[in-house]
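Descriptive structure summary
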Amino acid sequence: MSSLHGEVVEGFINRIYRINRMALMKFFFETIRFCIRGFVYALSFLFPYSRMSLFWRRITVFLYTSWIVRDFKHFGKNSGVIPFFSLLRGGQYISIGNRCTIGAGVELTAWDSYQGQKFCPEIVFGDNCSIGEGAHITAVISIRLGNNVLTGKRILITDNSHGVFEEGMLDVPPILRPLNSKGGITIEDNVWIGEKASIMPGVHIGKGVIIACNAVVTKDIPPCLLYTSPSPRDS
């Protein structure tokens, strides 16, 4: 009887000990967490987030740009790429002007060959161009941007497509169709291209044009116009 009583008391004491040990460990980690948060909070007065994030962005842009600049035909002064390219291909055919900014996640491609086809592509950015995050710019012939061109995020500028809309071609998987182009693209100075807009092959966009968000440009636009996608009745 006394042995059973002793085991019960011992078990009770061990249980209390485990509970106290868990509570002590929890208190210890909570204290460390509180101290770290307090230390970081105090640092925020010396190094505000807005200032440090800008500083860190400048450092990463400088390092990444310095790494990839040799891949380009020309890369102007004070231009930079925010890490990272989604895809960069044919940099030897791409010229970037001075003081340009290319956003993160941009896909920039100049194709000199595809499925046995041969091309002589070029992509040229003027000075002070700003390309939004996630843009897709692809050429097999020519894409030329003037000075001070501004684009929103996730825009498309392409001078090519996979095949043409013909009955015999539709039986071929799109990825295997030969690339087709209606001609190069020219975008003159001071053009603003809204978010998710698409610039299709063979178009010429005049100076000072504003292209609305989600617009699809399939024809030339004269200077100083606000362009939105035409309705089916107008097209």
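Read on for an overview of the structure. Because the structure is a prediction, the values reported are computed rather than measured.

Digging into the overall build of the chain
Within the chain one finds 2 helices and 23 strands. The burial tally for the chain puts 32% of its 235 residues in the buried class. Total accessible area on the chain stands at roughly 15300 Å², and carbon and sulfur atoms take up 61% of it.

Some thoughts on the sheet that holds strand β12 (residues 143-145)
The 6 strands lie next to each other as β1-β4-β9-β12-β17-β20, forming an open sheet whose pairing is parallel. The sheet terminates laterally at β1 (74-75) and β20 (204-205), the two strands that pair on one side only. The pairing of strand β17 (residues 185-187) with β20 spans 2 bridges and is classified as parallel. Pairing of Ile187 across the sheet is with Ile205, part of β20.

Concerning the pairing of strand β6 (residues 107-110)
Bridge count between strand β3 (residues 87-89) and β6: 3 bridges; the pairing is parallel. Note that in β6 the partner of Leu88 across the bridge is Leu108. In this structure, β6 lies alongside strand β11 (residues 136-139), joined through 4 bridges in parallel fashion. Each residue of the ladder has a partner; that of Ala110, found in β11, is Ala139.

Comments concerning the packing of aromatic side chains
Any two aromatic rings considered together are summarised by their centre-to-centre distance and by the angle between their planes. Going through the model one piece at a time under the given rule, you end up with 6 aromatic pairs. On the numbers, 6.5 Å between centres and 50° between planes, the contact of Tyr64 with Phe85 is tilted. With Tyr64 in helix α2 (residues 49-68) and Phe85 in the loop between β2 (80-81) and β3, this pair connects stretches of sequence that are 21 residues apart. In terms of burial, Tyr64 and Phe85 fall into one category: buried. The structure contains a cluster of three or more aromatic residues connected by ring pairs, namely Tyr64, Trp67, Phe72, Phe75, Phe84 and Phe85.

A short note on the pattern of salt bridges
Applying the stated criterion to the full structure yields 2 salt bridges. Of the charged contacts, one joins Arg144 and Glu122 as a salt bridge, the two residues approaching to 3.0 Å between their closest N and O atoms. Within this pair, whereas Arg144 is found in strand β12, its partner Glu122 is found in the loop between β8 (117-118) and β9 (123-125), the two being separated by 22 residues in sequence. On the basis of relative accessible area, Arg144 is assigned to the partly exposed category, the value being 37%. Here Glu122 falls in the partly exposed class, since its relative accessible area comes to 27%. For the salt bridge of Glu195 with Arg154, the shortest nitrogen-to-oxygen distance reads 2.9 Å. You can see Glu195 sitting in the loop between β18 (192-193) and β19 (198-199) and its partner Arg154 sitting in the loop between β13 (150-151) and β14 (156-158), a full 41 residues away along the chain.

What counts and what doesn't
Residues numbered from 1 in each chain as written. Predicted model: local features only at pLDDT ≥ 70, side-chain atom pairs only at ≥ 80, totals over all residues. Heavy atoms only, no water. Helix = DSSP H or I, 4+ residues; strand = E, 2+ residues; numbered from the N terminus. Buried < 20%, exposed > 50% of the residue type's maximum accessible area, 1.4 Å probe, protein only. Areas by Shrake-Rupley, 256 points an atom, 1.4 Å probe, with all protein chains shown as cover. Pairing = 2+ DSSP bridges. Phe/Tyr/Trp six-rings, centres within 6.5 Å; stacked < 30°, edge-to-face > 60°. Salt bridge = Lys/Arg side-chain N within 4 Å of Asp/Glu carboxyl O.

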